[in-house]
Amino acid sequence: MAAESNKLWRQVETESGTKLTVDCRQLAWGQPDNPILQDIHTNLNKVGVQSQVLTNQDLRHQFPMLRFPGNYVGVTEAGAGLIKADQAVRALQDLFVQKGGCLKDGEAVTGITPGPTVSVITSKRTLRTRRLVLTCGPWAGKLLSNLGLDLPLETLRVNVCYWKEKVPSSYSLLSDFPVFKDEDTEVYGLPCFEYPDMMKICRHTGHPADPDNRDTNMQADLTFDLQFLGDFVRRHFPGLHDKPGIVETCMYTNTPDGEYILDRHPKHRNIIIGAGFSGHGFKLAPMVGRLLCELTLEKSPSLDMTPFRIDRFTSRKTVSKL
């Protein structure tokens, strides 16, 4: 899926005339007995992506700006990259409009009435369509519940932190610093990219939150994350200040298995659902869009859709009477 999405991102770049991706390395590290590291290496090899297993000595040699405990090992690949998220969203929106689409910003969806013709009630109007694709992010659970579908979706508020370099370019793309993830602590980071001389380092998890009240009761969660991440920075990143210069928030919508939901509503087959992207959906957005389009037009999907089907969560409570 990643390889196909990468091709589609290149197509978006060509059609929009905007450079949206940046090539860089990727590094995963952790304890030598962490099975995830071996899985990463094995799976990359399976799809023909070259990767390298790094000993602790290799880690220290290749990444002298980092600090590792004496037994840590790593896996690295050269063919990773970054996406300029804001520019990518704008490029996709512009292409959508150019191809006849219409964007309605600032217009909340308040209800959906299923049927051969689906009615979408918003804060400003009622829209009608024969087929509807729902990609509602953290609001998916609420809207789908009203359609008789109760899915195990968990909405999380994630604190996104940026840490300033003590010496500019120490952890930048110019110094060939990689995207990284610590597979023991679920902390990940990006080289200095979005803000000058500031590195993004976050927990790849968050705290339960209602998307309509995402800033409620957040201080205790923020205090915990800043302590956790500050300790992580002091342990591994001697060239960063140990208090973030910028803190933002985003939302995850997680499924129990971390895989997406890309499927038709089990009772209303003209309603197609994309949900539960679990914090790793944006980079695969073009391929997700293609798959949802194929479901909508009843075409044969480009990939095996079994991992994304709703029925993997099927129980007596999943689908109720509407």
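Here is a short report on the structure shown in this document. Since the structure is predicted, the reported quantities are computational estimates derived from the model, not experimental observations.

## Some thoughts on the pattern of salt bridges
Move 1: Under the counting rule described, the total for this entry stands at 18 salt bridges.
Move 2: Among the salt bridges present, the one from K181 reaches E186, with a minimum N-O distance of 3.2 Å.
Move 3: Using a relative accessible area of 29% as the deciding quantity, one classes E186 as partly exposed.
Move 4: When the shortest N-O distance is used, the salt bridge between R312 and D257 registers 2.7 Å. Of the two residues, R312 sits in the segment after α7 (285-296) while D257 sits in the loop between β13 (246-254) and β14 (261-264), which places them 55 residues apart along the sequence.
Move 5: Through salt bridges with shared partners, a single network forms among R10, E13, K19 and D23.

## Quick look at the environment of H207
Move 1: Its place among the elements puts H207 in strand β12 (residues 207-208).
Move 2: Residues H207 and L222, spaced 15 residues apart in sequence, show a C-alpha to C-alpha distance of 9.4 Å.
Move 3: A distance of 3.0 Å separates a polar atom in the side chain of H207 from a polar atom in the side chain of D225.

## Quick notes on the nonpolar core
For soluble globular proteins, the rule of thumb is that nonpolar side chains tend to be buried together.
Move 1: Grouped together as the largest cluster of nonpolar side chains are 22 residues, with contacts concentrated most on W29, L66, F180, M199, I201 and F237.
Move 2: Of all the secondary structure elements, the ones that give two or more residues to this core are β1 (21-30), β8 (154-164), β10 (187-195), β11 (198-203) and α6 (219-236).
Move 3: Among the elements that make up this core, the one with the highest residue count is α6 (3 residues).
Move 4: For I201, the contacting residues outside a window of four places in its chain are C161, W163, F180, V187, Y188, G189, L229, F232, V233, F237 and L240.
Move 5: If you look at the next biggest cluster of nonpolar residues, it comprises 19 residues, including L144, L147, L149 and I271.

## Considering the sheet that holds strand β5 (residues 118-122)
Move 1: With respect to topology, 3 strands assemble into an open sheet ordered β4-β5-β6, the strand pairing being antiparallel. Both edges of this open sheet fall to β4 (109-113) and β6 (126-129), since each of them pairs with a single strand only. Strand after strand, the sheet turns through a mean of 20° between neighbouring axes, direction not considered.
Move 2: Across 4 bridges, β5 lies against β6 in antiparallel orientation. Within β6, the residue paired with V120 across the bridge is L127.

## Structural notes on the side chain of N270
Move 1: If you trace the backbone, N270 turns up in the loop between β14 and β15 (271-275).
Move 2: Residue N270 is classed as buried on the basis of its relative accessible area of 17%.
Move 3: A distance of 3.4 Å separates a polar atom in the side chain of N270 from the backbone oxygen of P116.
Move 4: Sequence-distant contacts of N270, that is, excluding residues within four places in its chain, are made with G115, P116, V118, R130, R131 and L132.

## Brief notes about the pairing of β5
Move 1: With 4 of 5 residues buried, β5 is to be regarded as a mostly interior element.
Move 2: Both β4 and β5 contribute to a ladder of 4 bridges, which runs antiparallel. Note that in β5 the partner of I112 across the bridge is V120.

Rules behind the numbers
Residues numbered from 1 in each chain as written. Predicted model: local features only at pLDDT ≥ 70, side-chain atom pairs only at ≥ 80, totals over all residues. Heavy atoms only, no water. Salt bridge = Lys/Arg side-chain N within 4 Å of Asp/Glu carboxyl O. Buried < 20%, exposed > 50% of the residue type's maximum accessible area, 1.4 Å probe, protein only. Helix = DSSP H or I, 4+ residues; strand = E, 2+ residues; numbered from the N terminus. Polar contact = N/O pair within 3.5 Å; in protein donor to acceptor, adjacent residues only side chain to side chain. Core = buried A, V, L, I, M, F, W, Y, C linked by side-chain atoms within 4.5 Å. Contact = heavy atoms within 4.5 Å. Pairing = 2+ DSSP bridges. Axes fitted to C-alpha atoms, helices over the stretch in contact; angles between N-to-C directions.

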